[in-house]
Amino acid sequence: MCRQVFGFRLAMIALAAPAALLNASPGLGARLVGAAVVVTFMGSYVLFRDWERFGPLLLRHPTLLAVDTLFGTLLLISAGPDTTLAYVSVCTPLLAGIVYGWRGAACFASLQSLILLLVHATLERESGTGLAERLLLPGLCVITGAVGSTLRNLMLRFGTATLALTTVKARLAVTQAVAAERARLAREMHDSVAKTLHGVALAADGLACSAGSATMDPDRVRQQAELVARAARRAAAESRELLTDLRRETDPDQGVDLLHELASRTRDFAARTGLPVTYHPTGDRTTLPVPPAVARHLLTIASEALENAHRHADPTRVEVRAGVRDGLLDVGVLDDGRGLPPGTTLEQLRRTGHFGIVGMAERAASVGAHIRFGGGLHSRGTGVLLELPLAALTTSTP
């Protein structure tokens, strides 16, 4: 706003300067008027061009505006109150109201009105203007001073409201970030440590039953104890991995070969559960480097689909398919088990506490992938099908 006022002053000074120089007396008078033109024009230009730098100086020192007013008075006397320079005088109270508030507006409006009245009194015999004409510009100075003070108050209120809105937005962003992090931690715990601890509990129950039977088989007890120990160590390792992931950022330039890792996890799952699980590569690529954050989500989705098939579907066979075709990464886990009930939705699963499939959908969305839950092998069972454009690999985040 102040910059626009100074821009208007520049235009008015440029228009009134020729008349002021022509009316000035030769010699010292012309030099004084010329100096006043240069000072007022350059001062307005500097503040118009670089208000952010020199504006605070004007805010701290009101005397600078008073000096500018005195130079403007010299021009006003030389050019006359009936020229465009009179509008420069009217701008001074407006600027004072914006910069200094109502006190500054009252002070400079009074000062400028007094100057205008003195100029009219000095030139009264030559101009022959009436009382109404002499009071017009002083009255405008009072009005513009009040307008400047009002604009200042409005801008301060707007700034306060904007600051409050920014604070609310910042708090909302923090709340959303915390909620997102809580959801991520819930997925990580569900998909890793919680499942392993559930396996430890089942193995411990089996060990207790075997140890308490009348016909206890030492070899069987030993096998079950070893199973409990392995599961406990695995839970500890998963906990350490989760804590490490929370405390550091994985290097995005260190890619993970997703296809190789998926095949390896499929073989490990088959060996651990005894379930017939096979891996079938598709497409025309044998390797696919993927950022670690994206690889973690995709591998967790595949592992969750395998665990769901093993625990809930009672399948006789499971297939894992993965490959790249037409710029898309396709990953599928299909079984020939019982399948999902007809009409099952993510909202129903969330309400009933089945967070495995919900977590898979959230993980897929976080990396820009599309996931579908449909039929499995030979129109039976469940199929978890995921598609990820390769272009999204450079923009996905954990």
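For the structure, check the block above.
Because the structure is a prediction, the values reported are computed rather than measured.

Peer 1: Just give me the short version of the sheet that holds strand 7 (residues 382-389), but keep the residues and values in it.
Peer 2: In spatial order, the strands read 2-4-5-7-6; together these 5 strands make up an open sheet with mixed pairing. Where the open sheet ends on each side, the last strands, each with one partner, are strand 2 (277-283) and strand 6 (370-375). Averaged over neighbouring strand pairs, the angle between their axes works out to 15° when direction is ignored. Packing against the sheet, helix 10 (residues 258-273) makes contact with strand 2, strand 4 (318-325) and strand 5 (328-335), and its axis sits at approximately 165° to strand 2.

Peer 1: Any details on empty space enclosed by the protein? Residues and values, ideally.
Peer 2: Which parts of space are left empty comes out when a probe the size of a water molecule is rolled across the atoms. What the rule picks out here adds up to 2 cavities of 30 Å³ or more. Of the volumes computed, that of the second largest cavity is approximately 60 Å³. As for the second largest cavity, its lining consists of Leu298, Ile301, Ala302, Val331, Val333, Val384 and Leu386. Mapped onto the lining of the second largest cavity, the elements with two or more residues apiece are helix 11 (292-313), strand 5 and strand 7. When residues in the lining of the second largest cavity are grouped by element, the largest group, 3 residues, is from helix 11.

Peer 1: Please provide a residue-by-residue account of the packing of helix 10 against helix 11, values included.
Peer 2: At a closest axis distance of 11 Å, the pairing of helix 10 and helix 11 adopts a crossing angle of 25°. With respect to helix 11, the axis of helix 10 lies roughly parallel. Crossing hand, helix 10 versus helix 11: right-handed. Taken together, the residues of helix 11 that come into contact with helix 10 (itself represented by Leu258, Glu261, Leu262, Arg265, Phe269, Arg272 and Thr273) are Ala295, Leu298, Leu299, Ala302, Ser303, Leu306, Glu307 and His310. Its residues assigned to classes, the contact of helix 10 with helix 11 comprises 8 nonpolar, 3 polar and 4 charged.

Peer 1: Run through the nonpolar core, naming residues and quoting values.
Peer 2: Formed by 39 residues in total, the largest nonpolar core has its most connected members in Leu258, Val277, Leu298, Leu329, Ile371, Leu386 and Leu388. Elements represented by at least two residues in this core include exactly helix 10, helix 11, strand 4, strand 5, helix 13 (355-366) and strand 7. Looking at which element gives the most residues to this core, the answer is helix 11, with 9 residues. Counting 9 residues, the second-largest nonpolar core is a separate cluster that includes Leu47, Leu95, Tyr100 and Phe108.

Peer 1: Can you tell me about a nonpolar patch on the surface, naming the residues and giving the values?
Peer 2: The grouping of Val38, Phe41, Met42, Tyr45 and Phe48 at the surface amounts to a nonpolar patch, some 410 Å² of accessible area in total. With respect to the helices, strands and loops of the structure, Phe48 is situated in helix 2 (residues 28-49).

Peer 1: Give a description of helix 11 that names residues and reports values.
Peer 2: In this model, helix 11 (22 residues) spans 30 Å end to end at C-alpha, consistent with the 32 Å of a helix rising 1.5 Å per residue. Among the 22 residues that make up helix 11, 18 are buried, leaving the element largely enclosed by the rest of the structure. Among the residues trailing helix 11, Asp314 stands out with phi positive, at a value near 50°.

Peer 1: Describe in detail the pairing of strand 5, supporting the description with residues and values.
Peer 2: The side chains of a regular strand alternate, residue by residue, between the two faces of the sheet. For strand 5, the tally of buried residues reaches 6 of 8 residues, placing the bulk of the element in the interior. Hairpin connection, strand 4 to strand 5: the antiparallel pair is bridged by 2 residues, and Asp326 has positive phi, about 55°.

Calculation notes
Here the residue index of a chain counts from 1 through its sequence in written order. pLDDT decides what is reported in this predicted model: residues at 70 or higher carry local features, side-chain atom pairs at 80 or more are listed and counted, and totals for whole chains, interfaces and linings draw on all residues regardless. Calculation of side-chain values draws on the structure's entire complement of heavy atoms; hydrogens and water are dropped beforehand. Strands were regarded as paired on the criterion that DSSP finds at least two bridges between them. Numbering of helices and strands runs from the N terminus, with a helix taken as a DSSP run of H or I at least four residues long and a strand as a DSSP run of E at least two residues long. In this analysis, axes come from line fits to C-alpha atoms, helices being fitted only over the stretch in contact, and the angle between any two N-to-C directions falls in the range 0 to 180 degrees. In this description, contact between two residues means that some pair of their heavy atoms is separated by no more than 4.5 Å. The way it works is a 1 Å grid over only the protein atoms, where trapped points that fit a 1.4 Å probe form a cavity and open points with protein on both sides within 12 Å along at least five of seven lines form a pocket, and then any residue with an atom within 4 Å of a point lines it. Grid points are joined across faces, edges and corners, and a volume is the space filled by probe spheres set on the points. These descriptions rest on fixed angle ranges, namely under 35 degrees for roughly parallel, over 145 for roughly antiparallel, 65 to 115 for roughly perpendicular, and the rest for oblique. The sense of a crossing depends on the near helix, which, turned anticlockwise from the far helix by less than a right angle, makes the crossing left-handed and, turned clockwise, makes it right-handed. Under the grouping applied here, Gly and all other residues not named as nonpolar or charged are polar, the nonpolar ones being Ala, Val, Leu, Ile, Met, Phe, Trp, Tyr, Cys and Pro and the charged ones Asp, Glu, Lys and Arg. As used in this record, nonpolar core signifies buried Ala, Val, Leu, Ile, Met, Phe, Trp, Tyr and Cys residues forming a set joined through side-chain atoms within 4.5 Å. Each residue is placed in one exposure class: buried if its accessible area under a 1.4 Å probe, protein chains only, is under 20% of its type's maximum, exposed if it is over 50%, and partly exposed if it falls in between. In this analysis, a patch consists of residues with relative accessible area above 30% that form no salt bridge, clustered at 9 Å for like charges and at 5 Å for the nonpolar side chains Val, Leu, Ile, Met, Phe, Trp and Tyr. Every accessible area reported is derived by Shrake-Rupley at a probe size of 1.4 Å, with residue values counting cover from the shown protein chains alone. One side-chain nitrogen of Lys or Arg within 4 Å of one carboxyl oxygen of Asp or Glu is enough to make a salt bridge. Multiplying 1.5 Å by the helix residue count minus one yields the expected span of that helix.

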